[in-house]
Structures are given as structure tokens and as C-alpha cells.
Amino acid sequence: MRRPLLAGNWKMYKTAAETAAFFEKFRPLVERSDHCDIVICPPFPNLAAAVEAARGSRIEIGGQDLFWEREGAYTGEVSGPMLAAIGCRWVIIGHSERRQYFGETDGTVLKKTIAALEAGLNPIVCVGERLEEREAGQTEEVLRAQYRDGLSGLSAEQLRRVTIAYEPVWAIGTGRTATPEVAAEAHRFLREQVAAQHGREAAASLRILYGGSVKPDNIRGLMAQPEIDGALVGGASLDPVSFAAIVNF
Ligand code: 13P
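Residues numbered from 1 in each chain as written. Predicted model: local features only at pLDDT ≥ 70, side-chain atom pairs only at ≥ 80, totals over all residues. Heavy atoms only, no water.

A few words now on the overall build of the protein chain. Across its full length, the protein chain carries twelve helices and eight strands. Against the globule reference of 18 Å for 249 residues, the protein chain gives a C-alpha radius of gyration of 17 Å, in line with a compact fold. Taking the principal axes of its C-alpha atoms as reference, the protein chain extends roughly 45 × 45 × 35 Å. Taken over 249 residues, the protein chain has a buried fraction of 53%. Here the analysis covers contacts within the protein chain between residues at least 6 apart in sequence; of these, 72% occur between residues at least 24 apart. (Helix = DSSP H or I, 4+ residues; strand = E, 2+ residues; numbered from the N terminus. Rg over C-alpha atoms; globule rule 2.2 N^0.38 Å. Buried < 20%, exposed > 50% of the residue type's maximum accessible area, 1.4 Å probe, protein only. Contact = heavy atoms within 4.5 Å.)

Next comes the structure, spelled out in C-alpha cells:
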């Protein structure tokens, strides 16, 4: 049985003060939510404030990206050991916005995933097709390539600590959610890739999250799909009441 995971990706929103204010409202709303894992990924400058504000709760904190080297002359970058040292347990890797605006590729995703694992972090690796790819009937081809080049280089042991987030690019920030059936179909396809490489058991234990316009009013339908193990939530995770409603689906 896979334990649900509800993760908030705050993208480039909130200051440290706004982070503290969020947790003050959010914590009591999820105090008894032990049916799932809860993760929040704020921007780098607010990680310390988030770790502090989440202390003593079940909420865990993650980064939104990392660089694959441990340290060095890489201006502007942050490493896995740095995230772990500040109290992060998780890190998002290969988000479509990073692929679109910052040149991330499946190759960098693999390097970052390995670096995250080496730092003891749990990677949430994002995959998903763009609108024109879906419309051209290329969804499976895109997902197959993203798995092959971004994840198949991991051993079964490494993959066991990875969570995949299926985020169709056309559903991110657009208000256009994939239907639960469409999302589940993609999740099933991804799980088959894992099964083909590492066997049924590895595939059955892998958590696959859905991301893209998840809101309090569509989370239940998504979570009703046995293939969907949780959500990676953008906009709706910024508000404590709405993210708590999602966590408490
Ligand atoms: P929205 O929930 O705002 O569509 O963003 C989804 C996302 O990109 C989460 O990583």
C-alpha cells in the first residue's frame, strides 16, 4: 500500500515573514492529518524559516532544485548537502519550468537525482508532456524518453527512494486539470516503464504524484484513482486553508 504524499511547490512566491505566517495558520489545520506525508517546498531564502516553523510537526520541507556538485565555483547554485544541512528532507527535480526557462534536460535530471540521493534527500522527479506533444499523440513517447534518459540510469535501490511527479505542462497554472482518468493512464504507463526495468514489486511501491491545477475541489476525484498517490500542488499550496483542504481530501 502506497502512502499518499501531498506536496506544495511554492515556486517563486513568499518572503520569510509570509512563510512563518503560512505555517501559523496551516499547522493546526493538518495536526491530525496522519493519513499522508506532507511536504512544502519554499524558495531557497525561506528554507530556514520553513524548517523552523515546521519543527515539531509532521510537515517536512524540501528545496525546489539543487546542483549536482557538492560544492565549488558555481555561482548561484545550491547543493544537496546544503539542503540537507538546513533541514530539508526532499527536493523537486526537473520541474517543467526549470526545463523551459533554465535549460534542464533529462540528462541534468539524472545527475541531480543521483546527487540528491547521495545527500540523503528524497527526490521528487517531474515529468510530463507539453500541449503540442499531447495533441500530436506523443504523450507516451515523451514519457518513455523522460523515464529512459532521466530515471532508468538509477538502480532499483536508488529508485526506491524516488517519487515521480507526472505534471502535464498544459495543466500547470492553466486551471485545466487532467481528468483523473487521463492522469491515471499516464501514471500507469510510467509504472509500466519501471516494471519493465526493475520488476512488478519495484513498480508497485513507487509513488507517482499528479501535478497541474490541483485544487480543493478536484483532489478527491484524483485521489480516488488507485494509480494516483498524491499531488504536487502549485498555486493552491500558497494559501493555508486551500492547501489544508487538499491535504485533508
Ligand atoms: P499549479 O498547481 O499552480 O498548476 O502548479 C503545478 C505545479 O507546477 C506544481 O509543481
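Let us look at the nonpolar core. Core analysis: the biggest nonpolar cluster contains 65 residues, and Phe23, Phe26, Ile40, Ile61, Tyr210 and Phe243 have the highest contact counts within it. The element contributing the most residues to this core is helix H9 (residues 180-198), with six residues. Sequence-distant contacts of Phe26, defined by excluding residues within four places in its chain, comprise Ile38, Ile40, Ile59, Pro240, Phe243, Ala244 and Val247. Counting residues in hydrophobic clusters, the runner-up holds eleven residues, among them Val39, Cys41, Trp90 and Leu232. (Core = buried A, V, L, I, M, F, W, Y, C linked by side-chain atoms within 4.5 Å.)

What follows deals with the pattern of salt bridges. Should the charged atoms of two oppositely charged side chains come close, the side chains can pair. Applying the stated criterion across every chain, the model contains 18 salt bridges. Here Arg99 and Asp106 are joined by a salt bridge, their closest N and O atoms 2.7 Å apart. Classification of Arg99 as buried rests on a relative accessible area of 19%. Between Asp229 and Arg191 there is a salt bridge; the shortest N-O distance is 3.0 Å. Of this pair, Asp229 sits in the loop between helix H11 (219-223) and strand S8 (230-233) while Arg191 sits in helix H9, and the two are 38 residues apart along the sequence. Classification of Arg191 as buried rests on a relative accessible area of 7%. (Salt bridge = Lys/Arg side-chain N within 4 Å of Asp/Glu carboxyl O.)

Let's shift gears to the site of the ligand. By nearness alone, every residue bordering the ligand is listed as Asn9, Lys11, His95, Glu167, Ala171, Ile172, Gly173, Gly212, Ser213, Leu232, Gly234 and Gly235. In the environment of the ligand, an oxygen atom lies 2.7 Å from a nitrogen or oxygen atom belonging to the side chain of His95. Here an oxygen atom of the ligand and a side-chain polar atom of Glu167 are 2.9 Å apart. Bound to the protein, the ligand loses 97% of the 310 Å² it would expose on its own. Its residues placed into classes, the shell around the ligand shows three nonpolar, seven polar and two charged. (Near = heavy atom within 4 Å. Polar contact = N/O pair within 3.5 Å; in protein donor to acceptor, adjacent residues only side chain to side chain. Areas by Shrake-Rupley, 256 points an atom, 1.4 Å probe, with all protein chains shown as cover. Nonpolar A, V, L, I, M, F, W, Y, C, P; charged D, E, K, R; others polar.)

Packing of helix H1 (residues 16-29) against helix H2 (residues 47-54) brings their axes to within 9 Å, and their N-to-C directions diverge by 25°. Viewed along their axes, H1 and H2 adopt a mutual orientation that is roughly parallel. Note that H1 runs across H2; the crossing there is right-handed. From H1, Ala16, Thr19, Phe23 and Arg27 reach across to H2, where they touch Ala49, Ala50, Ala53 and Ala54. Class assignment for the residues of the contact of H1 with H2 results in six nonpolar, one polar and one charged. (Axes fitted to C-alpha atoms, helices over the stretch in contact; angles between N-to-C directions. Parallel < 35°, antiparallel > 145°, perpendicular 65-115°, else oblique. Left-handed = near helix turned anticlockwise from the far one by under 90°.)

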